[in-house]
Amino acid sequence: MPTEQPEPEPARRSPDDDPAETPFLDLLATGASAEEYERAVLRARAEGAAAARLAALERAKLLALRVRTELEGRRRREAELSALYATVHDLAGLRDLDAVLRAIVRRARSLLGTEVAYLTLNDPAAGDTYMRVTDGSVSARFQQLRLGMGEGLGGLVAQTARPYVTDSYFHDERFRHTRTIDTGVLDEGLVAILGVPLLLGSGVIGVLFAADRRERVFERGQIALLAAHAAHAAVAIDTANLLAETRKTLTELEAANEIIRDRSSVMERASDIHDRLTELVLRGGGVQDVADAVAEVLRGDVEFTEPERAPADALDRSRADGHAVRDGGDWVAAVWAGGEVLGALVLRGHPALDPVDQRTLERAAMVTSLLLLARRTEGEAEQRVRGELLDDLLDAADRDPRLLRERASRVGANLDAPHVVLAARIDGPPDAARPHGPAADAIPPPEGIPAPDDAPAGPADPAPEAPPGGGPPGAPSATAPAAPVPPAYAPGDRGTAHPTARMTAHAAGADRQRLWSAASHLAATRHGLAAVRDGGAVLLLPLGPGGDPAQAAREVAGRLGAALHVPVTVGASAPVTAPAARPAAVADGYAEARRCREALRVLGRDGQGAAAADFGFLGLLLADTRDVDGFVHRTLGAVADYDARRGTELLRTLSAYFAGGMSPARTKDTLHVHVNTVAQRLERVGRLLGPDWQSPARALEIQLALRLHQLSSAVARPPEEA
């Protein structure tokens, strides 16, 4: 078996046999400093290497140093790119513009290792650029600089959109130095400055600077690095601006959306209210239904009130403004049409009312007025029927009672019950254009308004006969012809109506129309009749058991006056027991009511209501029945009843008192009693008749009543006692 032979050891190589590049490759691999490369050559020379070897090492050293420099540059660029990418990443995560600007300036200072970095932004409105953000700055003056386009290094960069760099700013004549800029730069102590533009598209939005307080040469790579950083910064600024604008737009959109939602809610509420009110009208609902619906929507208590029950001041303000108004803790919306107030909607328990709810109440008031007008329109035909029926009662006394009853039943009137005839007329002018006196009736009404029955046409009608018994000397007659009327046409006008006459005609016609409308409405609510006659209105209203014609006249005067907002004078007749059976009594009652109305006007009591009984002894002249006993009883009934109960002689004492010229001494001689007895009796009379019984007017009535009492007693006494 053969014996194995040991392998021969390799021959040891001399260092001179290694390639000259070997030691330098090791240095490059370990990242040695530049001094280590020089030591390799020095070591070979100390070891006595050949000249050729030393030359090869020298060439390898230079080549290795070049490679080392290139590698260091690459590593530096890699670090710069890494820092730039990190900057881009950081900027991409920022949303606030101020935070973005601060990050840009801070990164610029870090990338170039400068003492100061700052950023200016262009102001298109002012045409310059201003300092926006600084990092490392200590001068307040510098931080508030503004640079005109072309002024200083920054103004030149902003104007030309090109980077500019200076090693020593104050010795560089390329820039246009200004005192303001140089003072700020000197105050900050800057010497070397690099400025690059912030480009967005083809426009410059600002300038990014890096500066030192000593002379320094900025390399091309550093300029390119800051320019690249500025490019990313411009995009970040634009993104931040877009985000800010987007946030602002979103905020505005949210506000607009909120407004739209509110308006939509308002429109939905308005539509709901409109639908509900429309449904009510189509369903035939009434005023109370509207009030209930609005009360439910507004969550309050809504009530429709008549004009006389509504707060007068709030009603007038609402009518004048056309809107609902506050009245303490309530809201009032006038319900009116044309010149007539129909009532008011009053919202209670809801002092705070927003505009939408206020408009809701106003719309409900409008719907209420339309409902009332619709009901009135529907009732106009019935009112005409009522007016025609009343005209027949007044003008045709021979009408068949059966036909009258049938016609009355169709409008809900009962002509077999007691009634009262009322004559109404507007007397007070609502404004300065209203004429005074009888001229209002002398001018024709405007077109479309029927002329009153007593409008003068052709020859004047003869004056009616004076009432039996006449009146006091000099007393005006209720049926006397009217005073002369001023002409409606002035001489020389060639048929052109005088302006005052035209205004008067329209006012009078409008008054008659409004009075007829209000009287017809009142008559319909009372199951009565109403018609236009003699420049005014005549009403035939039921009179309940124990009803008082005078009270009815006062009530009607108040109701019509409140509805029309002008004084309305009303005269009443004596009760008409059965108008259907006795149509002539209606005509007589109307004549009596007119006399009472005219007596009120003559006595200066416009806007009031009264019957014949309210005029004392004048009532005997005004009334058709000549109720002497009633007058005597109203005047002396209390005294006569006292005499009958107590067996006293108060009436005889009164007669003697007035016969003796109201002298107690003469009275006691006539009665043969002591003067104290006369005084006691007169005191008793005063308690029975009232404290004013001795006033001239009352004394005249009492004396007339005493004479009539004596006459009636003498007439009623049997012949043998006479």
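The shown structure was predicted, so the numbers you read here are calculated from the model rather than taken from an experiment.

Turning our eyes to something else, we now look at the pairing of strand β5 (residues 192-200). Counting buried positions along β5 gives seven out of nine residues, so the element sits mostly inside the fold. Bridge analysis of strand β4 (residues 164-166) against β5 gives three bridges, and the strand direction is antiparallel. The residue bridging Val 165 from the neighbouring strand is Leu 194, located in β5. Between β5 and strand β6 (residues 203-212), which pair antiparallel in sequence order, lie two residues; one of them, Gly 201, sits at a positive phi of approximately 70°.

Nonpolar side chains in soluble globular proteins generally cluster together in the buried interior. The biggest cluster of nonpolar side chains holds 28 residues, and the ones touching the most others in it are Leu 112, Leu 119, Leu 198, Leu 208, Leu 226 and Ile 237. Broken down by element, this core gets its largest block of residues, nine residues, from helix α8 (residues 220-283). Sequence-distant contacts of Leu 226, that is, excluding residues within four places in its chain, are made with Ala 108, Leu 112, Leu 194, Val 196, Leu 208 and Ala 210.

A few words now on the packing of helix α1 (residues 22-30) against helix α2 (residues 34-46). Two quantities define a packed helix pair, namely the angle between the axes and the distance from one axis to the other. The geometry of α1 relative to α2 is characterised by a closest axis approach of 10 Å and an angle of 160° between their N-to-C directions. If you check the angle between α1 and α2, you find them roughly antiparallel. Where α1 crosses over α2, the handedness of that crossing is right-handed. Between α1 and α2, the contacting residues are Pro 23, Phe 24, Leu 27 and Leu 28 on the first element and Glu 36, Tyr 37, Ala 40 and Val 41 on the second. Of the residues assigned to the contact of α1 with α2, the class counts are seven nonpolar, no polar and one charged.

Here we take up α2. Helical periodicity: at 3.6 residues per turn, an α-helix aligns residues three or four positions apart in one direction. Look at α2: 19 Å from first C-alpha to last across 13 residues, which is about the 18 Å you get at 1.5 Å a residue. Among the residues of α2, Tyr 37, Ala 40, Val 41 and Ala 44 are the ones counted as buried. Buried residues of α2, seen end-on, are gathered within an arc of 90° and therefore sit on one face of the element. Immediately beyond the C-terminal end of α2, within one or two residues, lies Gly 48, with a positive phi of roughly 80°.

The rules behind each value
Residues numbered from 1 in each chain as written. Predicted model: local features only at pLDDT ≥ 70, side-chain atom pairs only at ≥ 80, totals over all residues. Heavy atoms only, no water. Buried < 20%, exposed > 50% of the residue type's maximum accessible area, 1.4 Å probe, protein only. Helix = DSSP H or I, 4+ residues; strand = E, 2+ residues; numbered from the N terminus. Pairing = 2+ DSSP bridges. Core = buried A, V, L, I, M, F, W, Y, C linked by side-chain atoms within 4.5 Å. Contact = heavy atoms within 4.5 Å. Axes fitted to C-alpha atoms, helices over the stretch in contact; angles between N-to-C directions. Parallel < 35°, antiparallel > 145°, perpendicular 65-115°, else oblique. Left-handed = near helix turned anticlockwise from the far one by under 90°. Nonpolar A, V, L, I, M, F, W, Y, C, P; charged D, E, K, R; others polar. Expected span 1.5 Å × (residues − 1). Arc of directions from axis to C-beta.

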